[in-house]
Amino acid sequence: MKDQWSTELYGGGSMSGRTASPVWSGNGRYVILPSGRSLKMYGFGQPDEAGNQISSLGRVKTLSEHIEGITAVADLGKFRCISTSTDGTARLWDLSDGSILRTIDVGYPIHAVAIQEGQRNRAYIAVGSELRRIEIMKGRTEASIGLNCNFIAAGPKSDTILGIRRRSVYVFSGNVAFENRSFVKFKHNRRITAVSLHPEDGSLAVGDEIGVITVYHNVVKLCGHVKGRKTLKGENVSQSKMHWHASSVLSLAYTNEGNILLSGGSEAVLVMWELSTGRKRFLPRIGGAILSISPRPSGTSYALTCGDNAVRFVSAASFSVVAQVRGIRPVDAFHQSSWSRSKLAKVCLLPDLKSPGVALVVGLPNVIQAYDMWRDEHLADIVISARNELFAFKDRATPSKGTTCKVQLACLSADGSFLVTLDVLRAKTSEDVEFVTETLRFNSIDPEGKFRVAAKVENPHGGAYTTSLVFHPRLNVVATSSSEGSINFWKLRKESDWYCSRSIGYRGFRCSSLCFSKDGSLLASACGPVLALWTLNEDGITDIDADPRILCHSPTNEYITSVSFTGSTESPLVITSSSRSVHVWNVITGSVWWSARMKVREFAADPLGENFAVIVNLSTSSESTPQCAVAIFEVSKPVPKRVFRFRHDVLAMSFVPVETGDQSALVLLAKDLEFIVLSENDSVRQTRARTESGNTADAEEELDQSEDAEMSDDDDHKKSREEDVDLNVALSASRRALSAFELPSHTLPSLTVTGPKFLMDMMTGSRDGDGDEDEAVPLREDLQQSESDDEKDEISGKNLRRSKQRQPFSEDLLKSFADAFATKQKS
Amino acid sequence: MAQEFLPVVPKRHPGLPLRTTNEARYWARYQLREDFELPASVSHVEFSPTAPYDLAITAGARVTVVDGKTNKVNRVIGSFKDVAYSGSFKHDGRLLCAGSADGVLQVFDVQKRATLRSLRGHSGAIRTSQFSMDGLRVLTGSDDKTVKLWDLPTGREMAELSGHEDYVRAQSRVKVSPHLWATGCYDHKLRLFDLRTQKAIFTLNHDYPVEAVLIPPGGGLAISAGGQEVRVFELFAGGRILQRLSNHAKAVTCLALDATETRLLTGGLDEQVKVHDLNTFDVGASIYFKGQLLSVGASPDKSRLAAGLASSKCTVKLIDKKSVAMGLDWAGESLADRRKSEETKLFREITRGQQKEHKRQPRPGSLRYFLRGKNENPIAGDVVIGEKRRVKRKSYDMYLRKFMYGAALDEALTMKRIDVTAAVVEDLIQREGLCIALSNRTPERLIPVLRCLERNVSDPRYAELMLVVANMVLDLYSKVIGRWVEVDTALARVHRAVQRETQAKNDLMCLVGMMELAIGTPAADTIHVVNGA
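Residues numbered from 1 in each chain as written. Chains lettered and ligands numbered in written order. Predicted model: local features only at pLDDT ≥ 70, side-chain atom pairs only at ≥ 80, totals over all residues. Heavy atoms only, no water.

**A look at the overall build of chain A**
Broken down by element type, chain A carries 10 helices and 57 strands. Within the span of chain A, comprising 827 residues, buried residues form 56% of the whole. A total accessible area of about 34300 Å² is found for chain A, and carbon and sulfur atoms account for 48% of it. (Helix = DSSP H or I, 4+ residues; strand = E, 2+ residues; numbered from the N terminus. Buried < 20%, exposed > 50% of the residue type's maximum accessible area, 1.4 Å probe, protein only. Areas by Shrake-Rupley, 256 points an atom, 1.4 Å probe, with all protein chains shown as cover.)

Rendered as structure tokens:
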């Protein structure tokens with residue numbers, strides 16, 4: 001129990017940080033991509049069968065030592081590179097074996113790094129509100145200037161260093177100038193978003209927020225040999241302006257010869273300016289905003305970092321995309337600022353045991369992304385609705401009306417032959433009119449993996465919004481639920497003929513979640529505060545005029561947000577979660593097995609085992625940065641197996657089967673597109689290790705430890721918690737005692753049987769005796785047996801065995817249940 | 001990769017599923033029509049059971065016999081003193097019996113038109129008469145509330161079946177047994193008599209005056225028609241009601257079986273003949289006749305359908321000769337067609353293969369010799385240097401690609417296809433470009449938009465989209481209303497269309513409300529009223 005769920009593995013991460021551009025190394029044979037907290041090295045050299053060199057792109061190794069996101073990388077030559085991170089360190093890597101040569105701990109987050117041409121033992125870094133020059137091998141700060149720059153650039157083939165801040169470029173010509181703290185403050189008239197220095201003639205290209213590229217000629221010469229600080233206004237310098245971009249220029253780069261300027265922005269169009277002739281060439285529909293451009297040293301191709309978390313390689317000769325490296329996609333590939341705010345993709349599970357570790361990322365526009373979580377590789381984009389993805393121009397003058405077109409829900413059939421998706425187009429056409437079209441698509445996947453839309457239903461619930469979508473575990477039946485309370489069953493009639501065979505609902509309550517039981521005999525639906533259980537016939541749908549079995553009314557009238565059966569077929573337990581509590585119910589007795597109160601944000605159940613995970617909100621509304629913890633429970637115990645706390649916001653989570661196929665690992669997707677894998681054993685990590693020749697990172701467990709420490713701190717809370725628990729025990733005992741009378745009158749045994757049992761149960765509750773429990777159970781066994789005879793003999797039998805094994809309820813609760821998140825909520 | 005531009009794809013909507021079943025297509029083949037003018041309304045039509053399946057039409061005071069081959073009136077039997085009823089053939093097609101309003105039953109030789117028997121005994125009009133299966137007896141039902149069984153060889157009344165309390169208007173013999181007979185009476189009852197005991201073994205309630213009775217060949221069912229309802233009783237289950245068919249909008253007057261005896265034809269005053277499957281009792285087809293039907297019949301060779309109309313006409317519908325020759329059936333049709341088409345396909349493939357093999361090598365020196373190999377296609381394994389094929393794009397796609405939203409909408413409108421227009425409008429909404437596309441329009445460019453709105457605003461498939469467009473048009477152009485006459489008139493027409501639709505929706509709502517009151521439960525689906533612009 002001690003080491004369960006401790007293995008952590010990181011992957012994914014954003015490749016498209018604003019400053020973290022790819023770096024070419026080894027004379028352009030390798031490219032190093034910063035991706036989250038690791039560096040990924042891809043090799044170009046190996047020609048493929050067709051002799052095509054550039055398109056063969058293979059990952060050579062992954063370097064991961066940083067514990068937070070990498071902000072910038074710079075090449076030092078001789079197969080070494082330096083990376084900086086927000087964890088306050090800069091690390092020097094030997095790329096040949098992936099080892100760390102040196103770690104420089106600065107103590108503050110580092111925003112950017114630049115290396116001066118010819119002086120490769122020194123690095124310029126932007127730390128906090130300072131620019132520093134450090135000697136790499138000694139790890140010593142040589143000089144520093146108090147300048148709050150968010151970006152630094154070094155001129156190729158010159159010793160000029162540029163620091164950029166808002167409307168100004170600070171130009172340092174040479175390291176002597178840096179030591180003397182003398183620089184020229186070069187003022188542009190608008191906020192600068194990208195710069196590039198010409199390799200030969202020293203002119204400076206500046207891209208600004210309104211999309212104009214201004215080339216200031218001879219800037220290096222003008223700024224050279226300056227003593228002290230000087231300000232130079234852009235208007236006074238000879239300049240030429242180029243304007244094509246409609247929104248801000250996000251990236252600029254001169255090619256190595258300096259005759260071509262490349263620019264990119266949110267429009268996802270790569271613009272090639274031929275400076276000698278003044279002509280432009282365009283490469284449209286790149287896939288996302290172009291955030292950085294780095295030309296290869298040989299000049300044959302350019303690496304573009306794109307807003308859809310991808311790095312694409314454009315051949316200079318054919319001016320077309322020849323290769324790409326993809327990460328997990330963000331929802332909005334065009335507007336970088338909205339990434340942090342938008343509610344991001346959900347991870348949906350692919351329960352195909354033939355391909356373990358593959359998860360489908362649902363929630364993206366138009367596509368579902370298949371991503372191999374174990375190997376950390378993009379597999380495919382499954383196009384759901386073929387629409388052009390477009391950059392919608394947004395600025396302060398014309399705010400966007402908020403058009404979204406997303407694949408919102410998806411589910412796979414058990415045999416993997418159908419993928420059912422729901423995509424929603426939501427557009428505000430005027431102030432108060434919203435145009436919403438939901439499309440339910442039944443896609444068939446044949447054994448070769450060919451994908452075809454079999455049927456399409458628009459607005460499957462009429463005017464109501466679809467809230468959940470589940471596939472029957474055995475049959476070709478899909479159930480959908482809506483915000484207005486209807487539950488529709490969709491059946492496959494012929495090869496591609498899906499139709500709505502039944503529509504049910506419970507008293508018009510909003511239905512937020514559905515779940516089929518593992519054997520397909522029951523459908524649990526969360527109808528408002530009520531959990532309704534529907535018995536299904538052999539066709540997988542309910543009978544006409546079927547009435548649900550109402551399992552519970554939530555005690556505080558909270559609306560249930562999600563419901564799930566446990567992953568194993570034996571246990572008749574169903575888990576419900578509302579925004580403030582988690583309940584585990586026994587389906588057969590219709591009573592609460594256990595419950596706990598916590599601020600649940602996200603909930604996921606293991607499809608293969610008996611675990612479930614909950615994301616708990618820790619932050620109060622006053623805090624600016626959201627904080628959350630992930631608790632993993634076993635369904636039979638109210639004590640979490642493990643609690644993790646994360647600094648970053650966790651957006652989605654899901655259990656994904658591991659390679660052996662009988663267990664799952666928990667995958668959490670954080671807001672910075674990084675995912676974290678938690679698993680019971682090492683198999684995931686072994687899979688990763690097998691796919692890569694490089695080193696694997698050790699997982700760090702400090703988060704967990706800190707959580708433990710916090711738990712033991714608050715003793716006061718613990719006491720009050722215990723009182724609470726006592727009350728709970730008493731309540732549960734009385735409930736248990738009364739449960740004997742809950743049967744219908746015709747199945748109720750005579751009073752001579754139930755009376756003593758009732759007394760016994762009450763007494764068991766008042767003293768938390770262990771011995772009495774054993775006596776009480778067999779009596780209840782009779783009752784349960786009689787009740788469930790006609791329903792589920794097998795299940796109830798299993799359940800009873802389980803209930804005998806169960807430890808006394810009170811002991812479970814008392815044992816270190818004072819977890820931090822619950823107490824926090826109390827306070 | 002830098003993605004290709006994705007074209008706008010118009011949505012396809014599902015068609016009506018029941019439009020053409022094989023069976024409906026089969027019955028629709030009865031297209032040729034022949035009308036016979038008669039002196040009075042046609043009370044009975046019957047096909048002779050033997051070839052060439054002559055047709056006996058009883059109308060007025062005569063029975064007209066139409067030749068089955070030529071489809072012309074062959075002879076007229078007119079020796080009735082009063083209105084004749086129910087001219088009915090013997091099983092060999094030689095004799096014909098008919099009752100009349102003066103209570104006399106007459107039996108004729110069809111060929112010679114001679115009256116063989118003239119049987120008196122009924123005090124009221126004989127409305128129905130039928131030979132028994134062996135052809136030796138005739139059962140008659142009369143308006144004097146009696147049913148009599150006549151022995152033809154002796155010409156005497158054999159029995160009187162008692163128990164009827166009103167006019168007897170219908171009867172049906174039972175194929176499986178010579179001793180059973182069913183009668184239908186205006187006292188709402190269908191009775192099944194055993195002629196040996198002369199007692200009713202079943203008295204089944206129809207709740208309406210029974211106009212027609214039928215016992216299908218299996219003998220297990222009894223079918224009665226009367227009022228707007230057809231009832232099917234299961235005799236083996238003690239006469240319980242198996243089905244109530246109310247597919248006619250007006251009273252059902254006649255019942256008949258088709259040639260295969262697997263389909264039930266019902267005719268009514270709503271001018272329709274409905275074809276029911278006798279297994280499922282689903283309506284497979286409905287055939288329209290120009291007039292209220294009083295009787296219906298189908299020829300045993302499947303070639304003709306006859307309907308006696310109240311408007312003193314008899315309409316015979318004929319199937320085309322080819323279909324008869326092919327022996328078409330509702331089940332066999334598709335099968336035969338498919339088999340034939342497969343055969344031709346196979347034949348073509350074989351002949352083509354032979355042609356290919358026998359392709360001659362060109363003779364050296366001929367023109368073909370010099371041109372040989374010019375049109376050869378690459379075979380597998382050849383290295384093909386790809387030609388960059390130009391993608392053919394629709395005009396609206398080209399404008400969308402260039403972000404010229406207004407022009408794209410214009411192009412879509414000139415296609416005059418609402419599905420294309422809807423797809424383009426939806427794409428524009430997704431691009432947040434609908435406002436751009438609709439603004440800055442001259443009257444000439446605005447009017448097509450308004451026309452499209454007027455036409456489609458009431459189409460439920462596009463109504464929502466059209467309302468979005470309409471609202472935006474009003475937002476954009478409300479200030480210039482009154483400047484151009486054409487635009488104003490077009491707008492007024494859109495307004496009228498919206499008003500009409502709103503009125504229709506309101507009426508429907510009222511209807512739903514009334515129905516809820518009548519049924520007592522709220523309707524499951526509520527109709528959303530569209531607010532007028």
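**Overview of the nonpolar core**
Ranked by internal contacts, the top residues of the largest apolar core, which has 47 residues, are B:Leu428, B:Ile429, B:Leu434, B:Leu438, B:Leu450, B:Val469 and B:Val473. Contributions of two or more residues to this core are made by β36 (418-428) of chain A together with α5 (395-401), α6 (405-414), α7 (418-430), α8 (434-438), α9 (443-456), α10 (463-477) and α11 (485-519) of chain B. Top contributing element to this core by residue count: α10(B), with 9 residues. (Core = buried A, V, L, I, M, F, W, Y, C linked by side-chain atoms within 4.5 Å.)

**Regarding the packing of aromatic side chains**
Within the structure shown, the criterion is met by 23 aromatic pairs over all chains. Ring plane angle 15° and centroid distance 5.3 Å describe the contact between A:Phe612 and A:Phe633, whose orientation is recorded as stacked. Separated by 21 residues along the polypeptide, A:Phe612 in strand β52 (residues 611-617) and A:Phe633 in strand β53 (residues 628-634) bring together distant segments of the chain. Three or more aromatic residues joined by ring pairs form one cluster here, namely A:Phe418, A:Phe442, A:Phe471, A:Trp490 and A:Trp498. Cation over ring: B:Arg169 sits above B:Tyr186, and NZ or CZ is 4.7 Å from the ring centre. A cation over a ring is seen here: B:Arg483 above B:Trp484, with NZ or CZ 5.8 Å from the ring centre. (Phe/Tyr/Trp six-rings, centres within 6.5 Å; stacked < 30°, edge-to-face > 60°. Lys NZ or Arg CZ within 6 Å of the ring centre and 35° of its normal.)

**A word on the interface of chain A and chain B**
Across the contact, 28 residues belong to chain A and 20 residues belong to chain B. It is A:Arg285, A:Asn388 and A:Phe435 in chain A that bury the most area against chain B; as a group they hold 30% of the surface buried on that side. Across the chain A-chain B interface, the total number found is 2 salt bridges. Where A:Arg387 meets B:Glu426, a salt bridge forms, and the shortest distance between an N and an O atom there is 3.1 Å. Looking at the side of chain A that touches chain B, the elements that each hand over two or more residues are β30 (320-326), β36, β37 (434-445) and β38 (451-458) of chain A. Ranked by residue count, the leading element in the side of chain A that touches chain B is β30(A), at 3 residues. (Contact = heavy atoms within 4.5 Å. Buried area = accessible area lost by both parts, 1.4 Å probe. Salt bridge = Lys/Arg side-chain N within 4 Å of Asp/Glu carboxyl O.)

**Digging into the UniProt feature "repeat: WD" (unreviewed entry) in chain A**
Here the UniProt feature "repeat: WD" (unreviewed entry) sits at residues 82-103 and 242-283 of chain A. Between the C-alpha atoms that bound residues 82-103 of chain A the distance is 9 Å, and the span itself is 0% helix and 68% strand. (UniProt positions renumbered as here; feature names shortened; annotations may be inferred.)

**Things to note about the environment of A:Asn443**
All names here are of chain A. In this fold, asparagine 443 is placed in strand β37. The buried category is assigned to asparagine 443, whose relative accessible area is 0%. For asparagine 443 and threonine 421, which are 22 residues apart along the polypeptide, the C-alpha to C-alpha distance reads 7.7 Å. Not counting chain neighbours up to four residues away, the residues in contact with asparagine 443 comprise Ile384, Ser417, Phe418, Leu419, Thr421, Phe451, Arg452, Val453 and Ala454.

**Quick look at unusual backbone geometry**
The phi angle of most residues is negative, glycine excepted, and most peptide bonds adopt the trans form. Cis geometry marks the peptide bond from B:Ala51 to B:Pro52, where omega comes out at 5°. Non-glycine residue A:Asn366 carries a positive phi angle of around 65°. Relative to the assigned elements, A:Asn366 resides in the loop between β32 (358-362) and β33 (367-372). Located in the positive-phi region is B:Asn71, a residue other than glycine, with phi close to 65°.

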